Amino acid sequence: MRLILLSISLLFSSTVFSQSKQEKLDSFLKRLNVSWKKHNTDHFTFYVERDCFADNHIEQIQYDFELTRNRIIYFLGDSNFIDTASIIIVDTKEKIKSILGFEAQGFAIPESDIAIFLNSKNYPIATKHELTHYYAFKIWGRPYDNWLSEGLAVYYDNRWNGHPIDSLSKHLKDNKKLYSISSLIKSFYSLNPMIAYPEIGSFTSFLLSEYGSLNFKELWLKGFNKIQLIYKKKLKELENEWLKYLDRFKNENIDYSRHVR
């Protein structure tokens with residue numbers, strides 16, 4: 001299973017604001033006794049383990065990050081946004097856990113201009129997902145409901161466990177495995193992430209494609225308790241529209257049985 005970290009950067013807030021950005025970066029780097037190698041591009045400073053997987057593929061990584069960044073900030077409506085992010089890349093789950101304190105494939109800490117990634121031949125780097133978190137926070141601000149950030153990141157990546165998110169949600173709908181949207185709002189992080197994540201990504205896809213980015217950005221800032229004010233419809237009406245929207249997609253050749261009961 002491709003592990004993409006739940007975006008819970010609020011856990012870091014108390015320490016982020018008590019340390020400078022450089023102090024925070026240094027504290028992460030010092031948690032591993034490795035030889036770090038530094039690579040710079042226009043918008044990133046990469047810290048990779050010398051002679052490890054990322055170091056040996058750094059030119060492709062640099063290209064992918066710059067390209068993905070440019071596409072994301074265009075999608076978010078601010079192509080002129082300027083910053084430099086520090087990117088730490090390690091090659092095992094144990095190492096990223098040593099840095100963060102928990103397992104992850106990636107984790108963005110935009111308050112400190114840092115993102116941390118796992119990358120090896122067995123773990124493709126989660127560039128789109130985490131950079132969407134990072135730049136949405138930078139450009140739109142902190143989301144009112146933190147898991148809304150997950151919906152946007154899954155939507156932008158457009159795949160979950162190898163499947164297009166809308167087709168996978170159609171599959172889950174046909175097999176009566178979807179949660180109600182009200183359940184997602186109330187208990188997102190306690191639900192099965194293999195359902196909750198593609199579902200909120202697909203619902204985000206529906207809101208953006210049918211109602212536009214301005215409404216979604218307002219929802220981002222004000223939260224789901226204001227959804228009727230923003231969309232002029234009750235949540236249940238929007239949910240029913242989304243379920244009909246899913247019928248546009250095919251669920252062929254999806255075997256998801258090991259992820260759902």
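Being a predicted model, the structure only gives us computed values, none of them experimental.

Cut-off values and rules
Residues numbered from 1 in each chain as written. Predicted model: local features only at pLDDT ≥ 70, side-chain atom pairs only at ≥ 80, totals over all residues. Heavy atoms only, no water. Buried < 20%, exposed > 50% of the residue type's maximum accessible area, 1.4 Å probe, protein only. Helix = DSSP H or I, 4+ residues; strand = E, 2+ residues; numbered from the N terminus. Pairing = 2+ DSSP bridges. Axes fitted to C-alpha atoms, helices over the stretch in contact; angles between N-to-C directions. Core = buried A, V, L, I, M, F, W, Y, C linked by side-chain atoms within 4.5 Å. Contact = heavy atoms within 4.5 Å. Phe/Tyr/Trp six-rings, centres within 6.5 Å; stacked < 30°, edge-to-face > 60°. Salt bridge = Lys/Arg side-chain N within 4 Å of Asp/Glu carboxyl O. Expected span 1.5 Å × (residues − 1). pLDDT = per-residue confidence, 0-100.

A few words now on the pairing of strand β2 (residues 44-49). With 6 of its 6 residues buried, β2 lies for the most part within the structure. The alternating pattern of β2 places F44, F46 and V48 on one face and T45, Y47 and E49 on the opposite face, and all of these are buried. Here strand β1 (residues 36-40) runs beside β2; their pairing, made up of 5 bridges, is antiparallel. Residue pairing in the sheet places K37 in a bridge with V48 of β2. In textbook terms, the turn of a hairpin is the stretch between consecutive antiparallel strands, and for β1 and β2 this stretch comprises 3 residues. Sheet topology places β2 next to strand β3 (residues 85-90); 5 bridges connect them, and they run parallel. Within β3, the position partnered with Y47 by the bridge is I88.

On to the sheet that holds strand β5 (residues 114-118), then. The strands that make up a sheet are held in pairs by hydrogen bonds between backbone atoms, and each pair lies either parallel or antiparallel. In space, the 5 strands of this open sheet follow the order β1-β2-β3-β5-β4, with mixed pairing throughout. Each edge of the sheet is formed by a strand with only one pairing partner; in this case those strands are β1 and β4 (106-109). The average undirected angle you get between the axes of adjacent strands in this sheet is 15 degrees. Here 5 bridges tie β3 to β5, and the two strands are oriented parallel to one another.

Burial of the side chains of β4 extends over both faces: G106 and A108 are buried on one face and F107 and I109 on the other. Here β4 folds back onto β5 in antiparallel fashion, the turn holding 4 residues, of which D113 has a positive phi close to 60 degrees.

Counting residues in hydrophobic clusters, the biggest one holds 61 residues, and the most contacted among them are F46, I87, Y135, F203, F216 and L219. Broken down by element, the residue count for this core peaks at 9 residues, all from helix α10 (residues 193-211). The contacts of Y135, once residues within four sequence positions are left out, are F44, R69, I72, I73, L76, F81, D83 and W140. Membership of the second largest hydrophobic core comes to 18 residues, among which are L32, I96, F107 and I109.

Time to look at the packing of aromatic side chains. Overall, the coordinates contain 23 aromatic pairs when judged by the stated rule. Taken together, a centroid distance of 4.8 Å and an interplanar angle of 80 degrees make the contact between Y134 and Y135 edge-to-face. Grouping residues by exposure puts Y134 and Y135 together as buried.

A separate point is the pattern of salt bridges. Inspection of the entire model under this criterion finds 13 salt bridges. Across the pair D247 and K173 runs a salt bridge whose closest N-O atoms are separated by 2.8 Å. Here K173 lies in helix α8 (residues 165-174) and D247 lies in the segment after α13 (235-245), a separation of 74 residues in the sequence. On the basis of relative accessibility, which here comes to 46%, the residue D247 falls in the partly exposed class.

Compared with an ideal rise of 1.5 Å per residue, which puts 18 residues at 26 Å, helix α4 (residues 58-75) spans 25 Å between its outermost C-alpha atoms and is within 8% of the ideal. Residues of α4 that are buried: I58, I61, Q62, F65, E66, T68, R69, I72 and I73. With its phi angle positive at about 90 degrees, G77 sits one or two positions after the end of α4.

What follows is about the confidence of the model for the protein chain. Summing up the model confidence of the protein chain, the mean pLDDT is 91 and the portion of residues at 70 or higher is 93%. Here residues 1-17 is modelled with pLDDT under 50, and outside its nearest four sequence neighbours on either side it reaches 58 contacts, counting other chains as well.

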